[in-house]
Amino acid sequence: MRKNFLPFSKPSIGPEEINEVVDSLKSGWITTGPKVQIFESNFARYFQSPHAVAVNSATSGLHIAYLAAGLQPGDEVITTPLTFVSTLSMLLAAGIKPVLSDIDLGTLNIDPGQIEKKITRKTRAIVPVHFAGLPCDLDRIWAIARKHKLKVIEDAAHALGTEYKGKKIGAASDAAVFSFHPIKNITTGEGGMITTPHKKWAEELTLLRFHGMSKSAWKRYSKSGSPLYEIERLGYKYNMLDLQAALGIHQLKKLKTFNQIRARYAGIYHQKLSAYPEIILPQAPAFSHKHSWHLFVILLNTDRMTIDRNDLIQKLLEGNIGTGIHFTAVHRHRYYRKVLDLKYSLPHADFVSSRILSLPLYPRMTEQDLRDVIQALEKIIKKYSKRKWL
């Protein structure tokens, strides 16, 4: 057993980020200002998107992306049940009805073959979620969207650095929404970014993120600005701070290196754990892609074990190993059972929900940390497996 607790995740923040934050504090400009503009510009360039709009969270980013898409109360939007609740909660906040389409058991992404079955005359958009950093089958989703004249808004909270057929996620759909929560591949403490190829969407998103105001604080209060402004529409308080962008400017430079470490560690997990049928490992799709490995997710094959997933979590915790659950399918939560009142089944999402478990995977881990996780898992499997060991 490890002497020290290994947390499920830790952000990697270096002296460059710290110095940039201190520079913002000393400058006296800590709210939305020049560093947010720099971060947006760098992000748009990195992800090959014409426009990038920074916000205070991916949740708020989803909310205003739905609004920029022109979605109205009573509209329907198809998405996956295997996601964080924000994907759905922001639809509900806008009066939009979430319609859930089941997942593929191999990739855990939304199954394009199920989407078209859920389309009605009220359907206005599809929101695919790139689960754990693995891209969805976008060509099939885009084809469905074109056929039925639907918008596609990608929930790319897990997909920082993910590539689909040679192109980074964030440039091809109507919008993509990224997260910079501390658990993510890069962080700004909290924060998010919306990318879009549409100039009108970018303009609308910029209004929506700060009270519908025609000018940002930087354009109103800097030497080159003017305090005059106009309120052009109903908006929200979703702006990112320069203090956050100060982190993001340097985190973005490190994304490639961070993801290379994640990929190497994921490869070791795959290699070492593939010998155990008690664990179901994530599968790769047939199409060309690059996985960002935001998460390394396994399923406990409970048919082969004498303990369940929750017991496994407790056993790992007793061995000083932290874990995560990403996710219990949204429709299984008490609130969403009541609100969604589903009249259809989602057997794959239900199967996954009671078996899914995320293992520690982040750049600040050492290879010894990785070995500790693997050895702890192997010990538990051998003790509680239904098969006989020599």
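Look up: the structure comes first, before these words.
Presented here is a report on the structure given in the accompanying data block. What you see is a predicted model, and the numbers here were worked out from it, not measured in a lab.

Things to note about the pairing of strand β12 (residues 296–300)
In summary, the side chains of a regular strand alternate between the two faces of the sheet.
Move 1: Most of β12 sits out of view: five of its five residues are buried.
Move 2: Burial along β12 is two-sided: Phe-296, Ile-298 and Leu-300 facing one way and Val-297 and Leu-299 facing the other are all buried.
Move 3: Where strand β10 (residues 279–280) meets β12, two bridges bridge the pair, whose relative direction is antiparallel. In the strand pairing of β12, Ile-280 is matched with Leu-299.

Description of the packing of aromatic side chains
Two aromatic rings, taken as a pair, are described by how far apart their centres are and by the angle between their planes.
Move 1: Taken as a whole, this structure holds 15 aromatic pairs when the rule is applied.
Move 2: Centre to centre, the rings of Trp-293 and Phe-296 are 5.6 Å apart; their planes meet at 25°, and the pair counts as stacked.
Move 3: Residue classification places Phe-296 among the buried residues on the basis of a relative accessible area of 0%.
Move 4: Feature note: the residues Phe-39, Phe-43, Tyr-46, Phe-47, Phe-178 and Phe-180 constitute an aromatic cluster, connected by ring pairs.
Move 5: The lysine or arginine in question, Lys-118, covers the ring of Tyr-344, its NZ or CZ lying 3.9 Å from the ring centre.
Move 6: It is Arg-355 that lies over the ring of Phe-351; its NZ or CZ is 3.9 Å from the centre.

Thoughts on the side chain of Ser-179
Move 1: For Ser-179, the location among the structural elements is in strand β8 (residues 175–179).
Move 2: In terms of polar contacts, Ser-179 uses its side chain to reach the backbone amide nitrogen of His-181, at 3.2 Å.
Move 3: A distance of 3.5 Å separates polar atoms of two side chains, one belonging to Ser-179 and the other to Lys-184.
Move 4: Aside from chain neighbours lying at most four places away, what touches Ser-179 is Ala-58, Ala-157, Leu-160, Lys-184, Ile-186, Gly-191 and Gly-192.

Digging into the sheet that holds strand β7 (residues 167–168)
Move 1: Read across the sheet, three strands follow the order β7-β6-β11 without closing on themselves; strand pairing throughout is antiparallel. Whereas interior strands pair on both sides, the edge strands pair on one side only; in this sheet they are β7 and β11 (289–290).
Move 2: Two strands pair when backbone bridges link them, and strand β6 (residues 163–164) and β7 are joined in this way by two bridges, in the antiparallel orientation. Counterpart to Glu-163 in the pairing with β7 is Lys-168.

Regarding the sheet that holds strand β5 (residues 151–155)
Move 1: Strand order across the open sheet formed by seven strands is β1-β9-β8-β5-β4-β2-β3, with mixed pairing between neighbours. Each end of this open sheet is capped by a strand with a single partner; those strands are β1 (51–55) and β3 (97–100). Each neighbouring strand pair of the sheet contributes to a mean axis angle of 25°, computed without reference to strand direction.
Move 2: Note: strand β4 (residues 123–127) against β5, two bridges, orientation parallel. Looking at β5, one finds that Ala-125 is bridged to Lys-151.
Move 3: Strands in contact with helix α6 (residues 138–148) are β4 and β5; relative to β5, the strand with the most contacts, it is inclined by about 150°.

Points about the nonpolar core
Move 1: Among the nonpolar cores identified, the biggest contains 38 residues, and Phe-39, Phe-43, Leu-160, Phe-178 and Phe-180 are the most heavily contacted of them.
Move 2: Those residues within four positions of Phe-43 in sequence are excluded, and the remaining contacts are Ala-52, Leu-160, Phe-178, Phe-180, Met-193, Thr-195 and Leu-252.
Move 3: With 31 residues, the next largest nonpolar core counts Tyr-265, Leu-300, Ile-313 and Ile-381 among its residues.

Overview of helix α1 (residues 15–27)
Move 1: Taking 1.5 Å of rise per residue, the 13 residues of α1 would be expected to cover 18 Å, and the 18 Å separating its terminal C-alpha atoms lies within 8% of that figure.
Move 2: Within α1, burial applies to Glu-17, Glu-20, Val-21 and Ser-24. One face of α1 carries all of its buried residues, which in axial projection span an arc of 100°. Opposite its buried face, α1 presents the exposed residues Pro-15, Asn-19 and Lys-26, each directed more than 90 degrees away.
Move 3: Tucked into the core, α1 has its buried residues touching α2 (34–46) and α9 (242–273).
Move 4: Trailing α1 by a residue or two, Gly-28 shows a phi angle of about 85°, which is positive.

Quick look at the pattern of salt bridges
Move 1: For the coordinates displayed, the defined rule picks out 18 salt bridges.
Move 2: The closest approach of N and O atoms between Lys-290 and Glu-163, which form a salt bridge, is 3.8 Å. Taken as a pair, Lys-290 in strand β11 and Glu-163 in strand β6 lie far apart in primary sequence, 127 residues in all.
Move 3: Residue classification places Lys-290 among the partly exposed residues on the basis of a relative accessible area of 45%.
Move 4: One network of salt bridges, in which partners are shared, links Arg-2, Asp-369 and Asp-372.

Scoring rules and cut-offs
- Residues numbered from 1 in each chain as written.
- Predicted model: local features only at pLDDT ≥ 70, side-chain atom pairs only at ≥ 80, totals over all residues.
- Heavy atoms only, no water.
- Buried < 20%, exposed > 50% of the residue type's maximum accessible area, 1.4 Å probe, protein only.
- Helix = DSSP H or I, 4+ residues; strand = E, 2+ residues; numbered from the N terminus.
- Pairing = 2+ DSSP bridges.
- Phe/Tyr/Trp six-rings, centres within 6.5 Å; stacked < 30°, edge-to-face > 60°.
- Lys NZ or Arg CZ within 6 Å of the ring centre and 35° of its normal.
- Polar contact = N/O pair within 3.5 Å; in protein donor to acceptor, adjacent residues only side chain to side chain.
- Contact = heavy atoms within 4.5 Å.
- Axes fitted to C-alpha atoms, helices over the stretch in contact; angles between N-to-C directions.
- Core = buried A, V, L, I, M, F, W, Y, C linked by side-chain atoms within 4.5 Å.
- Expected span 1.5 Å × (residues − 1).
- Arc of directions from axis to C-beta.
- Salt bridge = Lys/Arg side-chain N within 4 Å of Asp/Glu carboxyl O.

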